[in-house]
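# A look at the structure
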Amino acid sequence: MVAEEIEKLKQEIPAGVKLVAVSKFHPVEMIREAYDAGQRRFGESRVQELLAKIPQLPDDIEWHFIGHLQTNKVKSLIGKTSLIESVDSEKLLQLIDSESRKAGVVTKVLMQLHVAKEETKFGFLPEELLEYFRQRKFESLTNTHICGVMGMASNTDDMERVRNDFAEIFRVFNEIHNDSSLGLRGFDSISMGMSHDWQIAVKEGANIVRIGSRIFGEREY
Ligand SMILES: *Cc1c(COP(=O)(O)O)cnc(C)c1O
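A brief structural summary. On a predicted model such as this, the values are computed, not experimentally measured, just so you know. (Residues numbered from 1 in each chain as written. Predicted model: local features only at pLDDT ≥ 70, side-chain atom pairs only at ≥ 80, totals over all residues. Heavy atoms only, no water.)

### Remarks on the site of the ligand
Neighbouring the ligand are the residues V22, K24, I66, M152, M194, S195, R210, I211, G212, S213 and R219. Computed on the free molecule, the ligand has an accessible area of 390 Å², of which 91% lies beneath the protein chains in the complex. Looking at side-chain class alone, the shell around the ligand contains 5 nonpolar, 3 polar and 3 charged residues. (Near = heavy atom within 4 Å. Areas by Shrake-Rupley, 256 points an atom, 1.4 Å probe, with all protein chains shown as cover. Nonpolar A, V, L, I, M, F, W, Y, C, P; charged D, E, K, R; others polar.)

Shown next as structure tokens:
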């Protein structure tokens, strides 16, 4: 089942769009199935769960952290991820940077945008993120590489609203990306789209999609 879905997705997802298989709440056996089908990029949303899974699985897996990261967990996560997609505050970013410096590593991150209408979602408002870059605050980072943005659409059946949310994420990304005065390098990732809405996200410019239940089935929380 898992291998079949991975195969199908590989054919459906256009070239140039990276698939993150979101394996949170699923056992290592299922991750291994996806791995054996050729998948190497996985997404997890809880630090404890990720740290428990890493030693049980092959070393060449690229782990993306996609959940809300509590500040007291940052230190234990540094050096374990290929990308932290869910940086949702300046305070968190600074902590990632200082812990990365102490550990002697460079951590790649995405800035999480909050465009959905739900109050519970984390992230920078579009204007806050634009302001962060306009004020060139990123220049103080020594061991963190901001590679782009991540976002989620509103949780709704109204696909027009979903499309608008993705378009807004893309607009903010593009405004930063196209501002050559910022001198950013490697700011080129737009992570948006999940099992039910990834096609719309790709149409709106996503180059990373995060797909869980479509591959692994429903999660039991
Ligand atoms: C769980 C999760 C996903 C995957 O959602 P599915 O609907 O299972 O595809 C994607 N992104 C984030 C941030 C998540 O927490």
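### Points about helix α2 (residues 28–36)
Taken residue by residue, α2 has V28, I31, A34 and Y35 as its buried positions. Looking straight down α2, one finds its buried side chains confined to an arc of 115°; they lie on one side. Those residues of α2 that are exposed and angled more than 90 degrees off the buried face are E29 and D36. Contacts made by the buried residues of α2 are with α1 (2–12), β2 (41–44), α3 (47–53), β3 (62–65) and α9 (213–216). Backbone geometry just downstream of α2 places G38 in the positive-phi region, at approximately 105°. (Buried < 20%, exposed > 50% of the residue type's maximum accessible area, 1.4 Å probe, protein only. Helix = DSSP H or I, 4+ residues; strand = E, 2+ residues; numbered from the N terminus. Arc of directions from axis to C-beta. Contact = heavy atoms within 4.5 Å.)

### Digging into the packing of aromatic side chains
A full pass over the atoms with the stated rule returns 6 aromatic pairs. Aromatic pair Y132 and F133: ring centres 5.4 Å apart, planes at 85°, arrangement edge-to-face. Classification of Y132 by relative accessible area gives buried; the value is 4%. Between F173 and F187, the ring centres sit 5.4 Å apart and the planes meet at 10°, which makes this aromatic pair stacked. Here F173, found in helix α7 (residues 159–177), pairs with F187, found in the loop between α7 and β7 (189–192); they are 14 residues apart in sequence, far enough to count as distant. By the ring-pair criterion, three or more aromatic residues cluster together here, those being Y132, F133, F138, F170, F173 and F187. (Phe/Tyr/Trp six-rings, centres within 6.5 Å; stacked < 30°, edge-to-face > 60°.)

### Quick word on α7
Here α7 contains 19 residues, and its C-alpha end-to-end distance of 26 Å stays within 8% of the 27 Å for a straight helix at 1.5 Å per residue. Residues V162, D165, F166, I169, V172, F173 and I176 constitute the buried set of α7. Looking straight down α7, one finds that the buried residues subtend no more than 120° of arc, so they occupy a single side. Here the buried face of α7 lies against β5 (107–114), α6 (126–134), β6 (144–152), β7 and α8 (198–203). (Expected span 1.5 Å × (residues − 1).)

### Here's the deal with the nonpolar core
If you look at the biggest cluster of nonpolar residues, it comprises 61 residues, and the most contacted ones within it are L69, I96, L129, F133, I146, V209 and I215. Counting residues per element, this core draws most heavily on α7, which supplies 6 residues. Setting aside anything within four residues of it in sequence, one finds L129 in contact with M111, L113, F124, V149, V172 and I176. Of all hydrophobic cores here, the second largest spans 8 residues; its members include V22, I66, L110 and I208. (Core = buried A, V, L, I, M, F, W, Y, C linked by side-chain atoms within 4.5 Å.)

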